[in-house]
Amino acid sequence: VTVTDIEGGHKVVVEDVNGQQEFDVLNGKNGTDGATVIRETLSKILLYAHRGFTQFAPDCSRPAWEDAKRFGFYGLEVDIYSTADNVFICWHDDTIDDLTNGTGKPTELTWDYLQTVEYDSGNGIKNYPHLKIERIESLLSWVKINNMPVLLDVKTIHSYTELTQMVVDWGLED
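Attention here is on the structure that accompanies the text.

Section: the overall build of the protein
Consideration 1: Summing up its helical and strand segments, the protein has five helices and seven strands in all.
Consideration 2: If you list the helices and strands of the protein from N to C, you get β-β-β-α-β-α-β-β-α-α-β-α.
Consideration 3: A sequence separation of at least 24 residues applies to 55% of the contacts in the protein between residues at least 6 apart.
Consideration 4: In the structure as shown, the protein presents an accessible area of about 9300 Å², 46% of it carried by carbon and sulfur atoms.

So, in structure tokens, the structure goes:
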């Protein structure tokens, strides 16, 4: 499945042995919408959405998690850092500079500072004003409520024991 953004519209291209079909995700052309096509295509494959499904939403954001579910992914892959004050956050990059209005390395920033920061870049950002970096508790709650497996890609954290215990406490150790 290939998803592309063409001239401001969203096109899903599904290619299989029968050739290629195109669907407009937002407008539902060709009798069905792209989300349905992707869900049907992925129903037999266990795919994890890397950083959430980031074709239409910024990396590691709640909208990217929601899109992963909407488009039928089996699970999520989300990166985890610890802040300077030992809060686990959902973030991929070495710094927050490229996708937010803040600056610095997650490991050197406090949670208080990160609460003042908003995403200002990334796919579909205009649809998500005031989007914030999420704590891991928000992710764990979301995956539990949505019954969606998650792979935690641990970057730099202060305690594997604490992270593991948090996963166990949420009942997500399977």
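Details of the side chain of D59
Consideration 1: Relative to the elements of secondary structure, D59 occurs in the loop between strand 4 (48–50) and helix 2 (62–70).
Consideration 2: According to the relative accessible area criterion, D59 is buried, its value standing at 16%.
Consideration 3: Only 2.7 Å separates the side chain of D59 from the side chain of R51, close enough to count as a polar contact.
Consideration 4: Not counting residues up to four positions away in its chain, the partners in contact with D59 are R51, T54, L99 and Y119.

A few points about the packing of helix 4 (residues 136–145) against helix 5 (residues 160–169)
Consideration 1: Relative orientation of the contacting elements helix 4 and helix 5 amounts to 30°, with a least axis distance of 10 Å. In terms of orientation, helix 4 lies roughly parallel with respect to helix 5. Here the hand of the crossing between helix 4 and helix 5 comes out right-handed. Across the interface between the two elements, I136, E137 and L140 from helix 4 touch L163, M166 and V167 from helix 5.
Consideration 2: Grouping the amino acids of the contact of helix 4 with helix 5 by side-chain chemistry returns five nonpolar, no polar and one charged.

Things to note about helix 2
Consideration 1: Restricting attention to buried positions, one finds in helix 2 the residues P63, A64, W65, D67 and A68.
Consideration 2: At its buried positions, helix 2 is contacted by strand 4, strand 5 (75–82), strand 6 (88–90) and helix 4.
Consideration 3: Backbone geometry just after helix 2 places G72 at a positive phi near 85°.

What counts, and where the lines are drawn
- Residues numbered from 1 in each chain as written.
- Predicted model: local features only at pLDDT ≥ 70, side-chain atom pairs only at ≥ 80, totals over all residues.
- Heavy atoms only, no water.
- Helix = DSSP H or I, 4+ residues; strand = E, 2+ residues; numbered from the N terminus.
- Contact = heavy atoms within 4.5 Å.
- Areas by Shrake-Rupley, 256 points an atom, 1.4 Å probe, with all protein chains shown as cover.
- Buried < 20%, exposed > 50% of the residue type's maximum accessible area, 1.4 Å probe, protein only.
- Polar contact = N/O pair within 3.5 Å; in protein donor to acceptor, adjacent residues only side chain to side chain.
- Axes fitted to C-alpha atoms, helices over the stretch in contact; angles between N-to-C directions.
- Parallel < 35°, antiparallel > 145°, perpendicular 65-115°, else oblique.
- Left-handed = near helix turned anticlockwise from the far one by under 90°.
- Nonpolar A, V, L, I, M, F, W, Y, C, P; charged D, E, K, R; others polar.

Such coordinate-based values are descriptive only and should not be taken to indicate function.
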